[in-house]
Amino acid sequence: MSSKTIAVKSPRKLIEVALPLDKISAAASHEKSIRFGHLSTLHLWWSRKPLAAARAVLFAQLVNDPGYERYLNRGVNKVEAAKERERLFRIIEELVVWENTNNEEVLGRARGEIYRSWRETCELNRAHPDASTLFDPNNLPAFHDPFAGGGAIPLEAQRLGLESYASDLNPVAVTINKAMIEVPPRFAGRSPVGPMPRDDGDSGLGRRDWPGSSGLAKDVRRYGIWMRAEAERRIGFLYPPFEIIEESVADRPDLAPLIGKELPVWLGYG
Ligand SMILES: C[S@@+](CC[C@H](N)C(=O)[O-])C[C@H]1O[C@@H](n2cnc3c(N)ncnc32)[C@H](O)[C@@H]1O
């Protein structure tokens, strides 16, 4: 750090002025009913923030408010600022929709706005003695959540284009974050290498394109199938098939059609 201290010029952020709270709250509560593809299905974590809220809040913290700020010689008049704010609200409203979680078009627009604000901030701080390292317009600041817990915030920071770091006191939280934000980017776009299962209907054989984490996801599935088969081979004899009898149906009426049948105790996958 330079010995001569020059104050950092920090434009007001959108979150300090306004947010489309109703839309963010609606998306956050809708998320609670999602049973497929949500982090909570990987591992439950107390106080995990809704992804929609984390995404919206991060965006609004990174994007400058378009309002007039005379001392910074930037911004626009009130009417223009209100219009521009509405435009940013529309982006947030699309951003929080669960179905848009991996929508590259919507995310790309959000990332573009974040970069635009960052370049504006860099421009304002051009005269800062450490501008070349602190205010590089081509390099967004990295993000660190030191109390990352279930990882909602660092995951969303990564989705919004930031280099994201997570840490936590609890080793379970560290494992969750490793699985979510550290490992997947390392294998992004790579094809699976795991043992090809005999009974996987969707083996992916011959497929060339493995966007995002799809190759890694396929490998998790392949190794899961391998582990299940291996466990069955080694200790399966300890778990003989279970016959469904009349008594079984008392608590589980859904088993009625299976009376008289033998079912494997082994859990399936899928
Ligand atoms: C409220 S939770 C964070 C939830 C997180 N924002 C999410 O969305 O899942 C707080 C976290 O802080 C962690 N923690 C508490 N004290 C800590 C410490 N001294 N250093 C690091 N992590 C700590 C806890 O293990 C817990 O995971």
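Here the structure is a predicted model, which means the values were calculated and not measured.

Caption draft 1: Expanded view of the overall build of the chain. Looking only at helices and strands, the chain has nine helices and four strands in total. Traced from its N-terminal end to its C-terminal end, the chain shows the element sequence α-α-α-α-α-β-α-β-α-α-β-α-β. In terms of overall dimensions, the chain is more spread out than a globule: its C-alpha atoms have a radius of gyration of 25 Å, far above the 18 Å expected for 270 residues. Dimensions along the principal axes, computed over C-alpha positions, put the chain at roughly 80 × 40 × 35 Å.

Caption draft 2: Region of interest: the nonpolar core. Of all hydrophobic cores here, the largest spans 32 residues; its most connected members are Ala 52, Ala 56, Phe 59, Val 63, Ile 92, Val 96 and Ile 114. Those elements that place two or more of their residues in this core are α1 (21-31), α2 (51-62), α3 (78-95), α4 (104-124), α6 (152-159) and α7 (171-186). With nine residues, α2 is the largest single contributor of residues to this core. Those residues within four positions of Ala 56 in sequence are excluded, and the remaining contacts are Ile 24, Ile 92, Leu 95 and Val 96.

Caption draft 3: Quick look at the domain arrangement of the chain. Partitioning the chain into domains gives domain 1 (14-185), domain 2 (189-197 + 211-238) and domain 3 (240-270). Look at where the C-alpha atoms of domain 1 and domain 3 centre, and you get two points 47 Å apart.

Caption draft 4: Region of the structure containing the environment of Glu 16. Within the secondary structure, Glu 16 is located in the segment before α1. We classify Glu 16 as partly exposed; it has 13 C-beta atoms within 10 Å.

Analysis parameters
Residues numbered from 1 in each chain as written. Predicted model: local features only at pLDDT ≥ 70, side-chain atom pairs only at ≥ 80, totals over all residues. Helix = DSSP H or I, 4+ residues; strand = E, 2+ residues; numbered from the N terminus. Rg over C-alpha atoms; globule rule 2.2 N^0.38 Å. Core = buried A, V, L, I, M, F, W, Y, C linked by C-beta atoms within 7 Å. Buried ≥ 20, exposed ≤ 12 C-beta atoms within 10 Å, placed from the backbone. Contact = placed C-beta atoms within 7 Å. Domains from an automatic or database assignment.

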